[in-house]
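# Structural description and commentary
Here's the letter readout for the chains.
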Amino acid sequence: MSLVLGIESSCDETAAALVASDRRILAHRLAGQEDAHGPYGGVVPEIAARAHVEAIPGLVEGTLAEAGIGLESVDAIAATAGPGLIGGVMVGLAAAKGLALAAGKPLVAVNHLEGHALSPTLTEPGLAFPYLLLLVSGGHCQLLFVEGLGRYRRLATTIDDAAGEAFDKTAKLLGLGFPGGPAVERAARSGEAAAVPLPRPLLGSPEPHFSFAGLKSAVLRAVESGRHSTADIAASFQRAVVECLVDRTARALERVPEARALVVAGGVAANAGVRSALMALAGARGLPFVAPPLWLCTDNAAMIAWAGVLRFDCGLTDPLDTPARARWPLDPGADRVRGAGVKA
Ligand code: KG4
Ligand code: ZN
């Protein structure tokens, strides 16, 4: 039975958590940076890195205190080592190295995407490999076939924007504030989803990849035309995104008939329309649908600690000179997609 302290700092959330091999989450803490980035309508890397520097010591102390243990009782220190905004990743990884050195504990360098990919197994003990994971957040938009620890096949990625990024940009165009996803979803409730004709990029195309840049441009034209209400544009945009996500996921499922579940993770999984459409798709294919609790879907340190536990329990630790990586594909063998890889 091992106990791992995890640190996450790859984007705009700073987090620390303690997780054990038996899936107990002893404590987890998170500090968001929405107020700092809000005025810019998006995450500013330099501001994020500075905020991580300020937040990490208090979060780690608070996590250990809440669990009532000292660093000496921890078996390993895990931290996100990429992919992500490099300044932030460096801050979290350097903090983990310092703690590991001071306490004489091994370091586990975790791929942030692996954290997301394995997170559903933390709260769903019955979830069996292999499963198809739709990872949709502000930074990622991928379909991953998860076959086991360290065995990931990337079936699709975005050729331009991530789905959450499209929500954020649409919110900005509509003057709805940041983060955009929840604001767009709220505005969409009173709108008519068929009101504004918007494209469904790549719908029906043979490879299950995603694209959202054209949709964003169409939203811009709809806003500039002055002919549509904010609610109608939001609702029509959301419908278009949902249809794209479902079509692409259905396409990926055709490639992996051995998948035993459909799983969704990432901030966009908070969207009720997205969740219900994916649940319907899974139902139609006779597959269980798994959506981890929301706090575990968005960036957090419990998923990093959990990936750390799984790696540590297999004897996988990393040297203290392990570099931080802005890019770190989970599946290096995946086809390169034009314009893709920007996010992960
Ligand atoms: O996973 P996450 O917290 O951070 C990363 O980007 O890694 O995801 C945040 C993203 C943002 O783009 C946000 O707009 C989107 O998830 N999001 C939503 C909703 N809540 C958050 N998108 C659509 N509907 C929502 N309710
Ligand atoms: Zn993430």
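No experiment lies behind these values; they were computed from the predicted model shown.

## Focus on the packing of aromatic side chains
According to the stated counting rule, one finds three aromatic pairs in the structure shown. For the pair F167 and F237, a centre-to-centre distance of 5.0 Å together with 85° between the ring planes defines the contact as edge-to-face. One end of the pair, F167, is in helix α6 (residues 163-173); the other, F237, is in helix α9 (residues 230-255), with 70 residues separating them in the sequence. In this pair, the class of F167 matches that of F237, namely buried. When the ring of F210 is compared with that of F212, the centres are 6.3 Å apart and the planes differ by 15°; the resulting orientation is stacked.

## Some thoughts on the pattern of salt bridges
The final tally for this structure, using the stated rule, is eleven salt bridges. Here R311 makes a salt bridge to E114, at a shortest N to O gap of 3.2 Å. Separated by 197 residues along the polypeptide, R311 in helix α12 (residues 302-313) and E114 in helix α4 (residues 112-118) bring together distant segments of the chain. The burial state of R311 is the same as that of E114; both residues are buried.

## Here we look at the environment of E13
Along the chain, E13 turns up in strand β2 (residues 13-20). Residues E13 and L262, 249 residues apart in the sequence, show an inter-C-alpha distance of 26 Å. Not counting residues within four places of it along the chain, the set of residues in contact with E13 comprises E8, L30, A31, G32, H52 and D299.

## Looking at the environment of A240
Structurally, A240 can be placed in helix α9. Setting aside residues up to four positions removed in sequence, A240 forms contacts with P199, R200 and L215.

## Some thoughts on the pairing of strand β7 (residues 141-148)
Residues in a regular strand project their side chains so that they alternate between the two faces of the sheet. In terms of burial, β7 is a largely internal element, seven of the eight residues being buried. Bridge count for strand β6 (residues 131-136) against β7 is six bridges, and the pairing is antiparallel. Bridging across to β7, Y131 finds its partner in V146. In this structure, the hairpin formed by β6 and β7 is closed by a connection of four residues. Joining the antiparallel neighbours β7 and strand β8 (residues 151-156) is a turn of two residues, in which G150 adopts a positive phi near 80°.

## Overview of the domain arrangement of the chain
By domain assignment, the chain separates into domain 1 (3-116 + 299-313) and domain 2 (129-287). Taken over C-alpha atoms, the centre of domain 1 sits 28 Å from the centre of domain 2. Taken together, the contacts link 14 residues of domain 1 with eleven residues of domain 2. For the pairing of domain 1 and domain 2, the buried interface totals around 1000 Å² over both sides, and the portion due to carbon and sulfur atoms is 70%. For the domain 1 face of the interface with domain 2, the top three residues by lost area are L113, E114 and H116, together amounting to 47%. Scanning the region where domain 1 abuts domain 2 turns up zero salt bridges. There are three residue pairs in polar contact (both at pLDDT 80 or more) connecting domain 1 and domain 2. Among the elements of the structure, α1 (34-37), α4 and α12 are those that each provide at least two residues to the side of domain 1 that touches domain 2. Ranked by the residues each element gives to the side of domain 1 that touches domain 2, the list is headed by α4, at four residues. By residue class, the composition of the side of domain 1 that touches domain 2 is four nonpolar, six polar and four charged.

## Re the coordination of the zinc ion (ligand 2)
In an ideal tetrahedron of four donors about a metal, each angle is 109.5 degrees. In an ideal octahedron of six donors, the angles are 90 or 180 degrees. In the first shell of the zinc ion (ligand 2), the protein supplies H112 (NE2), H116 (NE2), H140 (NE2) and D299 (OD), at 2.1 to 2.7 Å from the metal. Here the zinc ion (ligand 2) binds four donor atoms, and the angle range of 89 to 167° at the metal identifies the geometry as irregular. Read N to C, the donor residues that coordinate the zinc ion (ligand 2) are spaced as H-x3-H-x23-H-x158-D. Of this pair, H140 sits in the loop between β6 and β7 while D299 sits in the loop between α11 (294-297) and α12, placing them 159 residues apart in sequence. Both residues of the pair, H140 and D299, count as buried.

## Focus on the sheet that holds strand β1 (residues 3-8)
A sheet is described by the order of its strands in space; here five strands give the open sequence β3-β2-β1-β4-β5, paired in mixed fashion. With partners counted over all chains shown, the strands left at the sheet margins are β3 (25-32) and β5 (107-111), one partner each. Strand-to-strand twist in this sheet, taken as the mean axis angle between neighbours without regard to direction, amounts to 20°. As paired strands, β2 and β3 are joined by seven bridges and run antiparallel to one another. For A15, the partnering residue across the bridge sits in β3 and is L30. Strands in contact with helix α3 (residues 86-103) are β1, β4 (76-82) and β5; relative to β4, the strand with the most contacts, it is inclined by about 160°.

## Digging into the state of the cysteines
The tally for this structure, following the rule as stated, stands at zero disulfides. Not part of a disulfide, C297 finds its nearest cysteine sulfur in C141, a span of 14 Å. Classification of C297 as buried rests on a relative accessible area of 0%.

What counts and what doesn't
- The written sequence of each chain sets the order in which its residues are numbered from 1.
- A letter from A marks each chain and a number from 1 marks each ligand, given out in the order of writing.
- The predicted nature of this model means local features are confined to residues of pLDDT at least 70 and side-chain atom pairs, given and counted, to a pLDDT of 80 or more, with totals for whole chains, interfaces and linings taken over all residues.
- Hydrogens and waters are ignored; side-chain quantities use all the structure's heavy atoms.
- Two aromatic rings from Phe, Tyr or Trp, using only the six-membered ring of Trp, form a pair when their centres are within 6.5 Å; if the ring planes differ by under 30 degrees the pair is stacked, by over 60 it is edge-to-face, and anything between is tilted.
- Working definition: helices are DSSP H or I runs of at least four residues, strands are E runs of at least two. Numbering for both runs from the N terminus.
- We call a residue buried when its accessible area falls under 20% of the maximum for its residue type, exposed when it is over 50%, and partly exposed in between, using a 1.4 Å probe and counting protein chains only.
- Salt bridge, as used here, is a side-chain nitrogen of Lys or Arg placed within 4 Å of a carboxyl oxygen of Asp or Glu.
- Only heavy atoms matter for contacts: two residues are in contact if any of them lie within 4.5 Å across the pair.
- Two strands are counted as paired when DSSP detects at least two bridges linking them.
- How far each domain reaches was decided by an automatic or database domain assignment.
- Throughout, buried area stands for the accessible area (probe radius 1.4 Å) lost by two parts on being put together, summed over both.
- Here a polar contact means two N or O atoms within 3.5 Å. Within protein one must be a hydrogen donor candidate and the other an acceptor candidate, and residues neighboring in sequence count only if both atoms are side-chain atoms.
- Classes in brief: Ala, Val, Leu, Ile, Met, Phe, Trp, Tyr, Cys and Pro nonpolar; Asp, Glu, Lys and Arg charged; the others, Gly included, polar.
- Counted as donors are N, O and S atoms no farther than 2.8 Å from the metal, or 3.2 Å for Na, K and Ca; water is not among the atoms, and sites may therefore look incomplete.
- When four donors show all angles between 85 and 135 degrees the site is tetrahedral, when four or six donors have opposite pairs over 155 degrees and all other angles between 65 and 115 it is square planar or octahedral respectively, and in every other case it is irregular.
- Helix axes are fitted to C-alpha atoms over the stretch in contact, other axes to C-alpha atoms as well, and angles between N-to-C directions run from 0 to 180 degrees.
- Disulfides are defined as pairs of cysteine sulfur atoms found within 2.5 Å of each other.

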